[in-house]
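What the coordinates show
What follows is the residue order along each chain.
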Amino acid sequence: ALALLGLEAPGADREAAEAEAALYFSGNRLLAGSEPAAHCYCGHQFGSFAGQLGDGAAMYLGEVLGPGGERWEIQLKGAGLTPFSRQADGRKVLRSSIREFLCSEAMFHLGIPTTRAGTCVTSDSKVVRDIFYNGNPKSERCTVVLRIASTFIRFGSFEIFKPADEYTGRKGPSVNRNDIRIQMLDYVISTFYPEIQEAYSDSSIQRNAAFFKEITKRTARLVAEWQCVGFCHGVLNTDNMSIVGLTIDYGPFGFMDRYDPEHICNGSDNTGRYAYNKQPEICKWNLGKLAEALVPELPLEISELILEEEYDAEFEKHYLQKMRKKLGLIQLELEEDSKLVSELLETMHLTGGDFTNIFYLLSSFSVDSDPSELEDFLEKLTSQCASVEELKVAFKPQMDPRQLSMMLMLAQSNPQLFALIGTKANINKELERIEQFSKLQQLTAADLLSRNNRHWKEWLEKYRVRLQKETESVSDADAWNAHRVKVMNSNNPKYILRNYIAQNAIEAAENGDFSEVRNVLKLLENPFEEAEGFSEVKEDAEEEGATATAAACAQETRSRLPYCSKPPLWASELCVT
């Protein structure tokens with residue numbers, strides 16, 4: 001990422017070069033020409049307007065002209081107090097900084113638009129953090145990440161003009177300052193959408209409409225890319241949405257392991273507002289808020305029509321195009337493909353399949369495999385499905401039975417009070433968990449395997465029929481298959497930043513060993529290729545059976561799993577807030 005800024009890898013005296021870089025990229029020494037500033041923005045957080053927010057822990061350093069002539073904004077995240085830190089200290093810690101550092105680069109190498117991370121500098125200074133908001137604070141190392149992007153302007157940047165919100169009463173700090181809104185729109189469009197500025201220089205309304213249409217389509221394509229790699233952002237507030245369609249602000253994100261459409265990666269998202277399957281509609285909702293923030297420079301009747309006409313169509317088109325590549329459907333585009341994808345995801349859901357690994361395996365499925373080859377393939381597929389133990393952890397009831405009983409009684413006797421303290425969806429989900437957990441007590445591993453085999457056989461037969469349609473339109477079946485495998489292997493990653501991989505790297509770093517962070521970074525730079533030179537040892541059977549708590553006690557007790565492995569049992573205990 002540093003090459004974007006014209007910085008090269010240090011030559012002979014690496015240590016001295018790194019020490020100098022650390023001075024600048026920790027904020028202890030200013031780059032020539034830098035004028036540090038913090039950005040003011042507002043935002044809708046979890047659906048409610050929160051008023052003024054702003055860069056509470058990020059410091060804008062300035063713009064760098066890269067060797068290719070591109071302009072890059074650089075900022076330090078975690079460098080200390082800003083005018084927008086509110087009650088916080090403007091610091092970030094090693095744990096969250098490593099996650100942002102690794103995921104920014106992982107997303108870039110997956111081909112997904114994102115801000116970049118250039119450096120991660122840690123120190124002996126400590127701050128106190130209550131990680132799970134449960135009264136157990138601990139001291140953690142202060143850490144600073146250098147973030148790089150064409151711009152860090154967000155949807156929320158335009159919400160500073162918002163008058164008092166009808167629900168929260170909060171308002172933006174720049175109400176009635178339409179002159180600033182015009183200045184910001186001029187800057188954003190002329191700098192980041194120059195072709196639109198050029199095409200509509202005579203009419204600002206037409207220009208602004210074309211800009212809104214473009215950011216609508218970019219956002220739809222971005223979230224389609226997320227869905228196709230199982231990425232959950234975790235905090236899709238309007239202030240975390242980029243005005244140029246990048247993935248921005250890596251907090252409690254997570255890549256989905258076992259496929260669950262309702263997967264929630266953020267431990268503090270109690271209602272599941274930002275669950276995996278809600279991301280497309282939430283991004284559309286956020287675009288609606290951006291549309292409101294552009295009035296009067298873009299009338300709402302124009303932007304709302306654009307949103308309705310463009311967003312869903314663009315999302316569905318891009319999602320299906322990407323899924324066709326993931327399934328190796330490269331010759332024909334058939335209407336039935338959408339159903340085939342839905343049925344694959346349903347099969348994954350029914351069998352607790354690992355989202356990443358099952359897609360990766362599909363490239364080795366042969367359209368003309370004989371029965372014994374099919375059995376071998378099924379064995380590989382079912383090995384990527386959840387075990388009885390893993391399902392028991394996943395469906396373990398989360399409420400105290402007495403609490404659930406009280407909530408059910410309250411729902412009947414006092415619906416208004418119930419609406420204030422609980423949601424019907426949450427109660428239904430808990431009842432579903434109890435039912436599933438109860439069924440799992442009687443389920444044997446053999447029964448589960450037999451059931452999974454049946455589900456996968458059914459879907460593979462449909463997949464085979466669809467692949468045969470591809471072969472009918474080609475003259476050279478071998479060349480077609482080689483191309484199919486190539487396309488699939490460049491769209492289905494072998495390696496993603498799973499939570500347990502990040503956690504292992506974090507724990508090693510917290511103990512002063514940064515080699516694992518470097519290993520993981522190197523791995524994520526080539527997510528589609530088999531890693532070479534990584535010492536990966538299978539976890540032995542005894543540890544697999546260990547309880548999650550015991551396994552999590554000490555880093556040393558964890559034998560190294562292959563980086564492409566579905567998570568060990570202890571990983572289910574990881575919670576990111």
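Refer to the structure printed above.
Predicted model, so just to flag it, every value in this text is computed and none were measured.

Side note on the overall build of the protein chain
From N to C terminus, the protein chain includes 20 helices and nine strands. The C-alpha radius of gyration of the protein chain comes to 25 Å, within 12% of the 25 Å expected for a compact globule of 577 residues. Buried residues in the protein chain amount to 48% of all 577 residues. Of the contacts made within the protein chain by residues no fewer than 6 positions apart, 70% connect residues no fewer than 24 positions apart. Surface summary for the protein chain: the accessible area is close to 27,600 Å², and the carbon and sulfur share equals 51%. The positive charge centre, built from 62 side chains, and the negative charge centre, built from 85, are 3 Å apart in the protein chain.

Some details on the side chain of Glu516
You can see Glu516 is positioned in helix α18 (residues 515-524). According to the relative accessible area criterion, Glu516 is buried, its value standing at 6%. In contact with Glu516, other than residues within four places in its own chain, are Asn504, Ala505, Ala508, Arg560 and Tyr563.

Looking at the environment of Arg484
Tracing the sequence through the fold places Arg484 in helix α16 (residues 477-489). Residue Arg484 is classed as buried on the basis of its relative accessible area, which comes to 1%. Placed 157 residues apart in sequence, Arg484 and Leu327 show a C-alpha to C-alpha distance of 8.5 Å. Non-local contacts of Arg484, meaning those with residues more than four positions away in its chain, are made with Gly328, Ile330, Leu362, Ser363, Phe365, Tyr463 and Leu467.

Section: empty space enclosed by the protein
All chains considered together, the criterion is met by five cavities of 30 Å³ or more. Roughly 60 Å³ of volume is contained in the largest cavity. For the largest cavity, the full set of lining residues is Phe155, Thr219, Leu222, Trp226, His233, Asn240, Met241, Ser242, Gly245, Leu246, Thr247 and Ile248. For the lining of the largest cavity, the per-class residue count stands at six nonpolar, six polar and no charged.

Remarks on the environment of Gln441
If you trace the backbone, Gln441 turns up in helix α14 (residues 424-442). You can call Gln441 partly exposed: its relative accessible area is 41%. It is 10.0 Å that separates the C-alpha atoms of Gln441 and Glu389, two residues lying 52 residues apart in sequence.

Section: the pattern of salt bridges
All chains considered together, the criterion is met by 38 salt bridges. Between Arg14 and Glu18 there is a salt bridge; the shortest N-O distance is 3.2 Å. With Arg14 and Glu18 both in helix α1 (residues 14-24) and four residues apart, this pair spans about one turn of that helix. A residue is classified by how much of its surface remains accessible, and Glu18, at 39% relative accessible area, is partly exposed. As a salt-bridge pair, Lys457 and Glu375 come within 3.6 Å of each other at their nearest N and O atoms. On the criterion of sequence distance, the pair formed by Lys457 in helix α15 (residues 445-472) and Glu375 in helix α10 (residues 371-382) is long-range, its members being 82 residues apart. Because the salt bridges share partners, they merge into one network encompassing Lys77, Glu100, Arg147, Arg154 and Asp249.

Here we look at the packing of helix α6 (residues 279-293) against helix α7 (residues 300-327)
Contact geometry for α6 and α7: axes closest at 10 Å, N-to-C directions at 160°. Taken together, the axes of α6 and α7 are roughly antiparallel relative to one another. With respect to the hand of their crossing, α6 and α7 are arranged in right-handed fashion. When α6 is examined against α7, the residues Pro280, Cys283, Lys284, Leu287, Gly288, Ala291 and Glu292 are found in contact with a partner set consisting of Leu300, Ser303, Leu307, Glu308, Tyr311, Asp312 and Phe315. The residue inventory of the contact of α6 with α7, partitioned by class, reads eight nonpolar, two polar and four charged.

Each value, and the rule that gives it
Residues numbered from 1 in each chain as written. Predicted model: local features only at pLDDT ≥ 70, side-chain atom pairs only at ≥ 80, totals over all residues. Heavy atoms only, no water. Helix = DSSP H or I, 4+ residues; strand = E, 2+ residues; numbered from the N terminus. Rg over C-alpha atoms; globule rule 2.2 N^0.38 Å. Buried < 20%, exposed > 50% of the residue type's maximum accessible area, 1.4 Å probe, protein only. Contact = heavy atoms within 4.5 Å. Areas by Shrake-Rupley, 256 points an atom, 1.4 Å probe, with all protein chains shown as cover. Lys, Arg positive; Asp, Glu negative; His and termini not counted. Charge placed at Lys NZ, Arg CZ, Asp CG, Glu CD. 1 Å grid on protein atoms, 1.4 Å probe; cavity = no way out; pocket = protein on both sides within 12 Å on 5 of 7 lines; lining within 4 Å. Points joined across faces, edges and corners; volume = space filled by probe spheres on them. Nonpolar A, V, L, I, M, F, W, Y, C, P; charged D, E, K, R; others polar. Salt bridge = Lys/Arg side-chain N within 4 Å of Asp/Glu carboxyl O. Axes fitted to C-alpha atoms, helices over the stretch in contact; angles between N-to-C directions. Parallel < 35°, antiparallel > 145°, perpendicular 65-115°, else oblique. Left-handed = near helix turned anticlockwise from the far one by under 90°.

Shape descriptors only; they carry no functional weight alone.
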